[in-house]
Amino acid sequence: MSIKRQVWGALLFLTAVAAPGQLSAGASQTALIHDIVYAGARAIDPETGLDAIRNIAVDGDRIVAVSEAPLKGRRTIDARGLVAAPGFIDIHSHATTREAAGYQAKDGVTTRLELEIGTWPVSEWYRAKQGRELLNYGTSVGHTAVRYFIQKGEGAAGLAALRDPMEKFGAKEAGGPLSGAATLRLSALLEQGLGEGAIGIGSGTQYAPGISRREMLDVTAIAARTATCLFTHIRYGSLVEPDSAFEAVQESIANAAATGACIHVAHINSMAMRDAPFMAALIADARRRGIDITTETYPWGGSVDAVRSHFFDPGWEARWGVAVGDLQSRATGKRLTQAEFDALRAGTADDGVIMHMNSEATIAALLRDRSVMIASDGGRIEGANGHPRSAGSFARVLGHYVRETKTIDLAEALRKITLMPAQRLEAFVPAMKRKGRLQPGMDADIVLFDPRTVGTRATYGDAARYSDGFRYVMVNGVLVVDRGKLADAVSPGRPIFSKVRP
């Protein structure tokens, strides 16, 4: 063992026994030459409350010092004027391509997790990404995907069917209820996925109307039995009873209470619309009473939908609280007329739309709620008319909602996108105990941004734009954004598994 590694090990031991932020970096640290030192950054650590000028040292894949004392590095980066924070954890990301990872890295993301919908087969998903990823990555096992796989006969036919769009998972030929042997098979395959390291169970419940309430309860019970979590796109997105978002949130609260499971409700903003702040408060009240349930929002007013899906069955205007003119075509970027909507509904042309359903006041209220996390719900980059959340969600929070409108302060915004998701997962995802913190001994997932310029350039109609202000983004000790530019030919991302995996 090298002298340097012996000293590093001693420092990490001292970190474990000292109070947070009290590691002595004086004589011990000045004798070392670290791999990388960020000098003079405004360091913000959401867990300890640190918000002060510090020098930060990285050796290998760990932070080894956050110090007032000068530090030496093989490379020293002048970080004066920049904020240093833990890397952002996107708890709700469908952005699985390398191109999308680049946009997320430029938005401060160091870990992206596909938890709402998940995947099947889990082991193949992880295997395909090994050694190829820019960012840390993980997935849930997909309840909706597994039941579709079963209904399509499993085997090669089932795997081929999983390439269908999510909207088909709830089609009449595949979206019906399960019974008998199929129910037992669903449980077995979900547990198999958890055993392969899946981070809980993801359920796109609204996409498959055949999922009965009993099936949902049984799936929640699997999450409880395995001490993981259920991540759910709840049963209904609607302002109107019956079949309202209110009922769907109540179902999730009841299932969590009945089973003792962890439940996380995805994008409450796009399920409950103007009622979302009330739903978030309802979830927070349940949590204060010992029910393990949480939720998130993304910082945009529009959602992505498909006109020919059952979401737009008759009565959709009242359910979603919008009109035809609130639908923006993802093919043309223009708002739809009634005639264009009718043609898409009846035809075969690209029916993707962005539905502008939430006001600025609704999003601001959700961000001010201290119990609500921030995620992106981003996907692949789809050109100018895609959804800007895929390229610029976290920069939008820091630029628009922190600096411009002062809806929340910087420390609170960073807590919602670093520490909160890490703490939500760490009971069953061991790696999360080392993420979301800017402290010695933690993983070297670090972002440095200019608080004066950070912001999103992506917007509706011009969505494929990199965010501004992120000067350095580090994943496991490797810079993936260096001096504001994406690094070439690096793949430092590592898989994130649950503890269920042997």
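Conventions we followed
- Residues numbered from 1 in each chain as written.
- Predicted model: local features only at pLDDT ≥ 70, side-chain atom pairs only at ≥ 80, totals over all residues.
- Heavy atoms only, no water.
- Phe/Tyr/Trp six-rings, centres within 6.5 Å; stacked < 30°, edge-to-face > 60°.
- Helix = DSSP H or I, 4+ residues; strand = E, 2+ residues; numbered from the N terminus.
- Buried < 20%, exposed > 50% of the residue type's maximum accessible area, 1.4 Å probe, protein only.
- Lys NZ or Arg CZ within 6 Å of the ring centre and 35° of its normal.
- 1 Å grid on protein atoms, 1.4 Å probe; cavity = no way out; pocket = protein on both sides within 12 Å on 5 of 7 lines; lining within 4 Å.
- Points joined across faces, edges and corners; volume = space filled by probe spheres on them.
- Disulfide = S-S within 2.5 Å.

A separate point is the packing of aromatic side chains. Taken as a whole and assessed by the stated rule, the structure comprises 17 aromatic pairs. Between the aromatic rings of Y207 and F311, the centroid separation amounts to 5.6 Å while the plane-to-plane angle is 45 degrees, which identifies the pairing as tilted. Within this pair, whereas Y207 is found in the loop between β9 (201-204) and α8 (213-225), its partner F311 is found in the loop between β13 (302-306) and α12 (316-320), the two being separated by 104 residues in sequence. By the burial criterion, Y207 is buried, and F311 matches it. Look at F449 and F470: their rings are 5.6 Å apart centre to centre, the planes differ by 55 degrees, and that puts the pair in the tilted class. Residue F449 is located in strand β17 (residues 446-449), and its partner F470 is located in strand β18 (residues 470-475); the two are separated by 21 residues in the primary sequence. Among the aromatic residues, those joined into a ring-pair cluster are F88, F394, F449 and F470. Sitting over the face of the ring of W125, K129 holds its NZ or CZ atom 4.9 Å from the ring centroid. The ring of W300 carries R396 above its face, with NZ or CZ at 4.2 Å from the centroid.

A few words on empty space enclosed by the protein. By the definition in use, this model includes 3 cavities of 30 Å³ or more. Approximately 70 Å³ is the volume attributed to the largest cavity. Lining the largest cavity are T205, M216, T220, L230, T232, I234, R235, A248, E251, S252 and N255. Going through the elements one at a time, α8, β10 (229-233) and α9 (245-259) are the ones with two or more residues in the lining of the largest cavity.

Attention shifts here to the state of the cysteines. Counted according to the given criterion, the structure contains 1 disulfide. One disulfide bridge connects C229 with C262, the sulfur atoms lying 1.9 Å from each other. Looking along the S-S bond of the C229-C262 disulfide, the torsion reads about -70 degrees, which is the left-handed sense. Taken together, the positions of C229 in strand β10 and C262 in strand β11 (residues 262-265) put the pair 33 residues apart, joining distant regions of the chain. A residue is classified by how much of its surface remains accessible, and C262, at 6% relative accessible area, is buried.

Taken by themselves, the reported measurements are silent on function.
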